[in-house]
Amino acid sequence: MHLAISSIIRAFGQLADPAILRVLAKSFAITLGVFVAFAWAIVQSLPWLLGEYLDLEGDAYIVIGTLIAVLSAWFLFRVVALAVLQFFADEVVTAVEARHYPDAANRTRKLPFREDLGNSLRGIGRTLGFNALALPLAIVLFFTAIGPAIVFLLVNAVLLGRELTDMGWLRHRASPQDSTPVGPFERLALGGAVAGLMLIPFVNILAPVIGAAAGTHMVQKKMKNNHD
């Protein structure tokens, strides 16, 4: 837990770094663009999908489509933001290592586009799959009020911990068979903290980049400890 907290604090401390700000700007702009395009597609398709069943004015479709898009953004922001961040993870890792771990920066491997795309798609698949598996349990716990929130928070903490530490680890591992030096409970602590940040309005925009930077710190500290 201490490693995750100290790594997140150091990640917050680097938010003013121009390289980190560039990643924030690019990833947020693309993520926003994805949801705007999705909202436009929903609004345009609703009359075709519902026109035979509902007699609504054009503005009503806009209101319904916008509501669907906003709710989708609320639930899917983490999935889309992390998928987009995968393509800029090299820049986050490089910025953190250049400032804090200059020796490691010289050994960082830049992932080719195909590998980045594969990691992103696998991450989306894991997110959708694990959340789908958790859904029956969440339904059972629905009447406890807080039960479903705890279930999905734990599931996404596990997923986030893996995704965010992998961004730093995959660029240093010698072969695909090498396992990450960051332990499962340390990944869970990081994922839980970042999942919590994603629930806070405006902070959730920063959370994926903060998580990627913190994951890089954790990987580097564990690698250093293993070498000592």
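Please read all numbers here as calculations on a predicted model, not as lab measurements.

> Now, about the overall build of the chain: what can you tell me, with residues and values included?
What the chain contains, in helices and strands, is nine helices and zero strands. The order of α-helices and β-strands along the chain, N terminus first, is α-α-α-α-α-α-α-α-α. Projected onto the principal axes, the alpha-carbon positions of the chain cover approximately 70 × 40 × 30 Å. Per-residue burial over the chain gives 45% buried out of 228 residues. Counting only contacts in the chain whose residues sit at least 6 apart along the sequence, the fraction spanning at least 24 positions is 77%. For the chain, the exposed surface amounts to about 12,600 Å²; the carbon and sulfur share of it is 72%. Where the 18 positive side-chain charges of the chain centre and where its 16 negative ones centre are 11 Å apart.

> Report on the UniProt feature "transmembrane region" (unreviewed entry) in the chain, specifying residues and quantitative values.
Residues annotated by UniProt as "transmembrane region" (unreviewed entry) correspond here to residues 20–42, 62–89, 132–159 and 188–214. Along residues 188–214 the backbone is 81% helical and 0% strand, and the end-to-end C-alpha distance reaches 13 Å.

> Got a sec to walk through empty space enclosed by the protein? Specific residues and values, please.
Counting across every chain of the model gives three cavities of 30 Å³ or more. One number sums up the size of the largest cavity: a volume of about 80 Å³. Lining the largest cavity are Arg 78, Val 79, Leu 82, Ala 83, Gln 86, Asn 119, Ser 120, Gly 123, Ile 124, Thr 127 and Glu 163. Those elements giving two or more residues to the lining of the largest cavity turn out to be helix 3 (58–85) and helix 6 (113–140). Broken down by element, the lining of the largest cavity gets its largest block of residues, five residues, from helix 6. In terms of residue class, the lining of the largest cavity is made up of four nonpolar, five polar and two charged.

> Which residues make up helix 8 (residues 184–197), and what values do they have?
Taking 1.5 Å as the rise per residue, helix 8 with 14 residues should run 20 Å; its terminal C-alpha atoms sit 20 Å apart, in good agreement. Turning to helix 8, its buried residues are Glu 186, Ala 189, Leu 190, Gly 191, Val 194, Ala 195 and Leu 197.

> Would you mind going over the packing of helix 6 against helix 7 (residues 147–169) in detail, with residue names and values included?
Viewed as axis vectors pointing N to C, helix 6 and helix 7 meet at an angle of 160°, and their least axial separation amounts to 10 Å. Judged by the angle between their axes, helix 6 and helix 7 are roughly antiparallel. Of the two elements, helix 6 crosses helix 7, and the hand of that crossing is right-handed. Between helix 6 and helix 7, the residues in contact are Gly 123, Arg 126, Thr 127, Phe 130, Asn 131, Ala 134, Leu 135, Leu 137 and Ala 138 and Pro 148, Val 151, Phe 152, Val 155, Asn 156, Leu 159, Arg 162 and Glu 163, respectively.

> Can you lay out the pattern of salt bridges for me, pointing to particular residues and giving the numbers?
Under the definition given, this model contains five salt bridges. Across the pair Arg 126 and Glu 163 runs a salt bridge whose closest N-O atoms are separated by 2.7 Å. Taken together, the positions of Arg 126 in helix 6 and Glu 163 in helix 7 put the pair 37 residues apart, joining distant regions of the chain. Each member of the pair, Arg 126 together with Glu 163, is buried.

> For unusual backbone geometry, give the residues involved together with the corresponding values.
Note on backbone geometry: most residues besides glycine have negative phi, and most peptide bonds are trans. Phi is positive for Phe 202, which is not a glycine, with a value near 75°. Structurally, Phe 202 can be placed in the loop between helix 8 and helix 9 (203–227).

> Residue-level account of the side chain of Arg 171, with values.
Turning to its location among the elements, Arg 171 is positioned in the loop between helix 7 and helix 8. Here the side chain of Arg 171 touches Asp 90 through a polar contact of 2.4 Å, side chain to side chain. Here Met 167 takes part through its backbone oxygen, which lies 2.7 Å from a polar atom of the side chain of Arg 171. When near neighbours in sequence (up to four residues on either side) are disregarded, Arg 171 contacts Gln 86, Ala 89, Asp 90, Val 93, Arg 107, Thr 108, Arg 109, Leu 111, Asp 116 and Asp 166.

About the criteria used
- Residues numbered from 1 in each chain as written.
- Predicted model: local features only at pLDDT ≥ 70, side-chain atom pairs only at ≥ 80, totals over all residues.
- Heavy atoms only, no water.
- Helix = DSSP H or I, 4+ residues; strand = E, 2+ residues; numbered from the N terminus.
- Buried < 20%, exposed > 50% of the residue type's maximum accessible area, 1.4 Å probe, protein only.
- Contact = heavy atoms within 4.5 Å.
- Areas by Shrake-Rupley, 256 points an atom, 1.4 Å probe, with all protein chains shown as cover.
- Lys, Arg positive; Asp, Glu negative; His and termini not counted.
- Charge placed at Lys NZ, Arg CZ, Asp CG, Glu CD.
- UniProt positions renumbered as here; feature names shortened; annotations may be inferred.
- 1 Å grid on protein atoms, 1.4 Å probe; cavity = no way out; pocket = protein on both sides within 12 Å on 5 of 7 lines; lining within 4 Å.
- Points joined across faces, edges and corners; volume = space filled by probe spheres on them.
- Nonpolar A, V, L, I, M, F, W, Y, C, P; charged D, E, K, R; others polar.
- Expected span 1.5 Å × (residues − 1).
- Axes fitted to C-alpha atoms, helices over the stretch in contact; angles between N-to-C directions.
- Parallel < 35°, antiparallel > 145°, perpendicular 65-115°, else oblique.
- Left-handed = near helix turned anticlockwise from the far one by under 90°.
- Salt bridge = Lys/Arg side-chain N within 4 Å of Asp/Glu carboxyl O.
- Polar contact = N/O pair within 3.5 Å; in protein donor to acceptor, adjacent residues only side chain to side chain.

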